[in-house]
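Fold and geometry: a report
Each chain, letter by letter, is given below.
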Amino acid sequence: MKRSVIVFGLLVTACAPNRATTAAPGSTATPRPSASIGRPVVGDSIPLALRWYRGSAEVQATFLQTYRSASDAAESFAASERSKLWGVIMDADETVLDNSMYQQSRGGRGYSADSWETWVKSKNAKALPGAAQFIARVHALGGKVSIVTNREENVCAETEQNLRSAGLNVDQVLCKPAGPNSDKNPRFAAVKNGIGPSKLPAMDVVMWLGDNILDFPDQSQESRKAETSEIWKFGKSWFILPNPLYGSWDKNPVP
């Protein structure tokens, strides 16, 4: 998912994820309350950010545009990786799975662990535009798809079932291990090196896709200003999806 406007609580956290930072469910932090963005329409309690995410033509267009660009990049990588096993790593929540109904159902009350677990176990999240087609294209090109999410291990089975029921046929799902550490980098390395918790052989990871800067290798909110930033990789081997509802950005100062 800031300025002089009416503030409404929005749920924030990583992919039911990271509890130390503000991320999205299943992204990089567990969804938790955060100030809402945008002024609600008169007589309506839905903040503009959520209204845009759930109902705009623009969000549909943005997801389709990004996934089509990512598919073009996958075709280029596949041509150069013919003799090797290769794959892509994707986040789950607000990257391939849409949890905006959970957020709307909370009515501004913010994230809670119990309500989030109930939502995940309902397996009602839908696929986001273009995600299923991108995954199918990667497979057609000979690549593997790994989901690295900060959803907790205790809901990993339900997450896999939800992905399948939404038509998102990925090769494996790596959830957040027990404990407070939600850093995805060790799991990125596991996919690349073919070691546990990855269940696939070692491979060249050629692309990452996510909705949070923490969904990309060795990145943080500091990437926006660091001279050594690798932000140039976006649009080439890194592809980011829009999420104005929550994220690791929500505590950044506004210039």
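Residues numbered from 1 in each chain as written. Predicted model: local features only at pLDDT ≥ 70, side-chain atom pairs only at ≥ 80, totals over all residues. Heavy atoms only, no water.

1. A word on the confidence of the model for the protein chain
On average, residues of the protein chain score 84 in pLDDT, and 82% of them are at 70 or above. Confidence drops under a pLDDT of 50 for residues 1-24, and excluding neighbours within four residues, the segment shows 158 contacts in the predicted structure. In the model, residues 26-43 has pLDDT below 50 throughout and makes 121 contacts with residues more than four positions away in sequence or in other chains. (pLDDT = per-residue confidence, 0-100. Contact = heavy atoms within 4.5 Å.)

2. Quick notes on the state of the cysteines
The full count for this structure, using the stated rule, is 1 disulfide. Across a sulfur-sulfur distance of 2.1 Å, Cys-156 and Cys-175 are joined as a disulfide pair. Note on the Cys-156 and Cys-175 pair: the S-S dihedral is about 95°, so by sign convention the disulfide is right-handed. One end of the pair, Cys-156, is in helix 6 (residues 156-165); the other, Cys-175, is in strand 7 (residues 172-176), and 19 residues separate them in sequence. Summarising the burial analysis for this pair, Cys-156 and Cys-175 share the class buried. (Disulfide = S-S within 2.5 Å. Helix = DSSP H or I, 4+ residues; strand = E, 2+ residues; numbered from the N terminus. Buried < 20%, exposed > 50% of the residue type's maximum accessible area, 1.4 Å probe, protein only.)

3. Some points on the nonpolar core
Ranked by size, the top nonpolar core spans 43 residues in total, and within it Tyr-67, Val-88, Met-90, Val-96, Phe-134 and Met-207 carry the most contacts. Element by element, the count of residues in this core is highest for helix 2 (residues 57-80), at 7 residues. Judged by nonpolar contacts, the second largest core, of 11 residues, contains Ile-89, Val-148, Phe-188 and Val-191. (Core = buried A, V, L, I, M, F, W, Y, C linked by side-chain atoms within 4.5 Å.)

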